[in-house]
Amino acid sequence: YLCLHFYLLQMLSSVSPGLGEAVLRPRERTFEFEEGLPSLPVPSLEETMQKYLEAAKVFASDDEYLHTEKIVREFQNGIGSDLQQKLEEKAQNSKNWLETWWEELAYLSGREPLAVIGSMAGFSSLIDSYWPSMEGTQIQRAAKNIYGFAKYFSMLRREEVPVMRSGSGTVFSMYQYRRFFCTSRIPGEQKDRLVSYFKTELEGPCPSHGVVLCNGHIYKMNLFDETGQQLGSNEIERQLRSIKHRSKRLGQRIGMMTADDRTSWAKAYTHLVSLDPQNGKHMETIQSAIMCFSLDDEAPKTKEEAMTSCFAGKNGHDRWFDKASSEIMFSNGIIGYVADHCPYEGIIISLIGNWIDDLIVRSKTDWLGSQEVHSVLPEELVFRTDDQIHQAIHHATETYNKHAKNMDFCASNFSVFGRNFLKKQKIHPDVYIQLAIQLAYYNMYGSNVPCYETATSRKFYHGRTETIRTSSQEAVDWCKGMNHPEAAPEDRVALLTAAATKHMMTGFDCMEGRGIDRHLLGLYAISKEMGSEPPAIFLDPLFCKSGGNGNFVLSTSLVGYQPAYGGVAPMVHNGYGIFYNLCKEHFFIFVTSFKDCEETTSVAFFQEIFKALLRMEELLLDSKL
């Protein structure tokens, strides 16, 4: 039952819109259950400390572990008990005690650029099917794609997007959808802030325009007419063609500044809005827009080229990295995206994107919506600038290019088998590939390292994620067994079974609100609010060595069970980001790393994952599982 329940929850964390619709009850509103969801629980201090010691021991020498154990026991019986009490008191007055801390400490306080190393990026699965690369299709495809997002926006405003549930009927939080549209960061010198203008129809009026970036220009584009009716793709296409025609010469490149480090951009932002009140109005137009849309002249043809262009393309000036959601329309009709991770998780853009892809594929006409066209032209947002702004754009360009050139990508398929084969072998596909990732690293480097996998906590009010620490002792023992020349196949199978069981139990605890990393963050945040020095547990070298404070060498996430492509940069300089789709007959695997790290190579690590998947298949077949 435990394994089955984990399987259902994990499946629904990446559920397709179709499955979500299948459990739709009559007359439900998208957000009507949010206030009734259970509060995020606070785990017991004793349980978290024991789990932390178990996770840290994997990476400790005997002396290191004894030192850490002493620190943990002193924390548990001393200041940690006081912090736990204060955290529990906070939880009594808040349905999600973590929410503000998570956004501020994990995202808004970071001073590194959002561009390249701080954003999510990916591309539409239509590259594999209905919309292969084809020059001359950019504007028409862009118009249909924009129409799809505007239609989904209208559905969300009317609360017609189906409520997601687990297989047993447990309602999942839909709150992240509220911040997909009409949401943006505003840079600050010490800390950014997040603003959202989205409202449902019951809550009141809401901005309904889009913003288009093209060759350094920025335009406000109507997506609805003056009566609130959605414009059809023909009208959107007309406006986009006007924008392309008016943008033949390079524009002001204001968007480039959003690619700079956050403090530099905050200073430039403050100066820019001080130059002219109209500049501030233009900023609010961008921040309140449904989305940003980029008309890009790059033409990626392969998946790897598409990932590179979305993450670190040559036209950084045609992005607004502060925006929660941005679509990129390349010259050959390939559709990509870049998004801020702070407002929502990647699964949200994956699900919405799949819904729009399905709308486009199933259309019986060459247009979507009304065929009517209008005469209103998009409004260009022209900023008043000075030498200081020109210097800021130059600085941001250098920052962007430095990070863009440093990214190493590998995006490819494992096509020998997919999740259908693994179901027949009675092993969870996600557990299988997670263990393959760890085996790959062990084979390549001769050791195991801290590994992060995302678990959903959306069964709770405003729930986001928890960390599955997948590098358990059981996983390490299995990796060693697979490389021991005298290990018998039955012993390797037993070790695999133990590692898989441990992974599932850890994942189940995380989704039930009994993980350790968010709890540790809460205890740290409480101590910070009290003005205290950080407790010794957070200063202990083993805390970071075992993955604490975002030091996971392997950062991994399941993107979905349907074709969807995306990911983020690694968490640490010598690490990898690994993002994968578990399709029925193949896996898509995307690996990221940094070129200036001599230890890492994305292609080589992908190949090690490939070989690990095959070795595990051989083990399963030989054992007759």
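Up top you'll find the structure we're talking about.
Structure report, in brief. (Residues numbered from 1 in each chain as written. Predicted model: local features only at pLDDT ≥ 70, side-chain atom pairs only at ≥ 80, totals over all residues. Heavy atoms only, no water.)

### Section: the environment of Gly 210
Here's step 1: If you trace the backbone, Gly 210 turns up in strand E4 (residues 209–214).
Here's step 2: On the accessibility criterion, Gly 210 (0% relative accessible area) is buried.
Here's step 3: Sequence separation between Gly 210 and His 484 is 274 residues; the distance between their C-alpha atoms is 58 Å.
Here's step 4: Once you skip the residues sitting within four places of it in the chain, Gly 210 turns out to touch Tyr 219, Lys 220, Met 221, Leu 223, Ala 289, Met 291 and Phe 293. (Helix = DSSP H or I, 4+ residues; strand = E, 2+ residues; numbered from the N terminus. Buried < 20%, exposed > 50% of the residue type's maximum accessible area, 1.4 Å probe, protein only. Contact = heavy atoms within 4.5 Å.)

### Side note on the pattern of salt bridges
Here's step 1: Tallying each qualifying case throughout the model produces 28 salt bridges.
Here's step 2: Between Lys 545 and Glu 64 there is a salt bridge whose closest N-O contact spans 3.1 Å. With a gap of 481 residues between them, Lys 545 in helix H21 (residues 541–545) and Glu 64 in helix H4 (residues 62–77) connect regions that are remote in the sequence.
Here's step 3: With a shortest N-O distance of 2.9 Å, Arg 469 and Asp 517 are connected by a salt bridge. Taken together, the residues span a long stretch of sequence, with Arg 469 in strand E12 (residues 465–469) and Asp 517 in helix H19 (residues 517–529) at a distance of 48 residues.
Here's step 4: What emerges from the salt-bridge pattern is a single network uniting Arg 111, Arg 185, Asp 192, Arg 262, Asp 322 and Asp 340. (Salt bridge = Lys/Arg side-chain N within 4 Å of Asp/Glu carboxyl O.)

### Quick look at empty space enclosed by the protein
Here's step 1: Taken as a whole, this structure holds eight cavities of 30 Å³ or more when the rule is applied.
Here's step 2: In this model, the largest cavity occupies a volume close to 200 Å³.
Here's step 3: Taken together, 18 residues make up the lining of the largest cavity; nearest its centre are Phe 123, Ser 124, Tyr 337, Ile 349 and Gly 353.
Here's step 4: Those elements that provide at least two residues to the lining of the largest cavity are helix H7 (138–157), strand E8 (335–340) and helix H13 (346–361).
Here's step 5: With six residues, the top contributor of residues to the lining of the largest cavity is H13.
Here's step 6: Residue composition of the lining of the largest cavity, by class: nine nonpolar, seven polar and two charged.
Here's step 7: By volume, the second largest cavity amounts to about 160 Å³.
Here's step 8: Looking at the second largest cavity, it is lined by 19 residues, and the ones nearest its centre are Leu 40, Leu 98, Ser 457, Thr 465 and Arg 518.
Here's step 9: Residue assignment for the lining of the second largest cavity shows that the elements contributing at least two residues are helix H6 (99–108), E12 and H19.
Here's step 10: In terms of residue class, the lining of the second largest cavity is made up of seven nonpolar, eight polar and four charged. (1 Å grid on protein atoms, 1.4 Å probe; cavity = no way out; pocket = protein on both sides within 12 Å on 5 of 7 lines; lining within 4 Å. Points joined across faces, edges and corners; volume = space filled by probe spheres on them. Nonpolar A, V, L, I, M, F, W, Y, C, P; charged D, E, K, R; others polar.)

### With respect to the packing of helix H16 (residues 429–445) against helix H22 (residues 602–623)
Here's step 1: Between H16 and H22, whose axes approach to 8 Å, the crossing angle comes to 120°. When the axis of H16 is compared with that of H22, the two are oblique. Here H16 and H22 pass one another in a crossing that is right-handed. Of H22, the residues touching H16 (which contributes Tyr 432, Ile 433, Leu 435, Ala 436, Ile 437, Leu 439, Ala 440, Tyr 441, Asn 443 and Met 444) are Ala 604, Phe 605, Glu 608, Ile 609, Ala 612, Leu 613, Arg 615, Met 616, Glu 617 and Leu 620. (Axes fitted to C-alpha atoms, helices over the stretch in contact; angles between N-to-C directions. Parallel < 35°, antiparallel > 145°, perpendicular 65-115°, else oblique. Left-handed = near helix turned anticlockwise from the far one by under 90°.)

### A look at the sheet that holds strand E9 (residues 379–380)
Here's step 1: Pairing is mixed across the open sheet formed by eight strands, whose spatial order is E9-E5-E4-E6-E7-E8-E1-E14. Here the strands that pair on one side only, and so sit at the sheet edges, are E9 and strand E14 (565–567).
Here's step 2: In this sheet, E8 lies alongside strand E1 (residues 119–123) in antiparallel orientation, the contact comprising five bridges. Residue pairing for E8: Ser 119 is matched across the bridge by Asp 340.
Here's step 3: Along the sheet, H7 makes contact with strand E5 (217–222), strand E6 (292–295), strand E7 (325–329) and E8, crossing E7 at roughly 160°.
Here's step 4: Contacting E4, E5, E6 and E9, helix H9 (residues 233–246) crosses the sheet at an angle of about 160° to E5. (Pairing = 2+ DSSP bridges.)

### Regarding the packing of aromatic side chains
Here the distance between the centres and the angle between the planes together describe a pair of aromatic rings.
Here's step 1: Scanning all chains against the criterion turns up 34 aromatic pairs.
Here's step 2: For the pair Trp 265 and Trp 320, a centre-to-centre distance of 6.2 Å together with 85° between the ring planes defines the contact as edge-to-face. Here Trp 265 is found in helix H10 (residues 262–275), whereas its partner Trp 320 is found in the loop between helix H12 (303–312) and E7, with 55 residues between them in sequence. No difference in accessibility class separates Trp 265 from Trp 320, as the two residues are buried.
Here's step 3: Residues Phe 606 and Phe 610 carry aromatic rings whose centres are separated by 6.1 Å and whose planes lie at 65° to one another, so their mutual orientation is edge-to-face. Of this pair, Phe 606 and Phe 610 both sit in helix H22, four residues apart, roughly one helical turn.
Here's step 4: Here the aromatic residues Phe 149, Phe 153, Phe 180, Phe 181, Phe 198, Phe 224 and Tyr 344 are joined through ring pairs into a cluster of three or more.
Here's step 5: The lysine or arginine in question, Lys 57, covers the ring of Tyr 65, its NZ or CZ lying 5.0 Å from the ring centre. (Phe/Tyr/Trp six-rings, centres within 6.5 Å; stacked < 30°, edge-to-face > 60°. Lys NZ or Arg CZ within 6 Å of the ring centre and 35° of its normal.)

### Structural notes on unusual backbone geometry
Here's step 1: Positioned with a positive phi, Asn 215 is a non-glycine residue whose angle comes to about 50°.
Here's step 2: Its location among the elements puts Asn 215 in the loop between E4 and E5.
Here's step 3: Non-glycine residue His 462 carries a positive phi angle of around 55°.
Here's step 4: By secondary structure assignment, the location of His 462 is in the loop between strand E11 (451–456) and E12.
Here's step 5: Judged by relative accessible area, His 462 falls into the buried class, the value being 10%.

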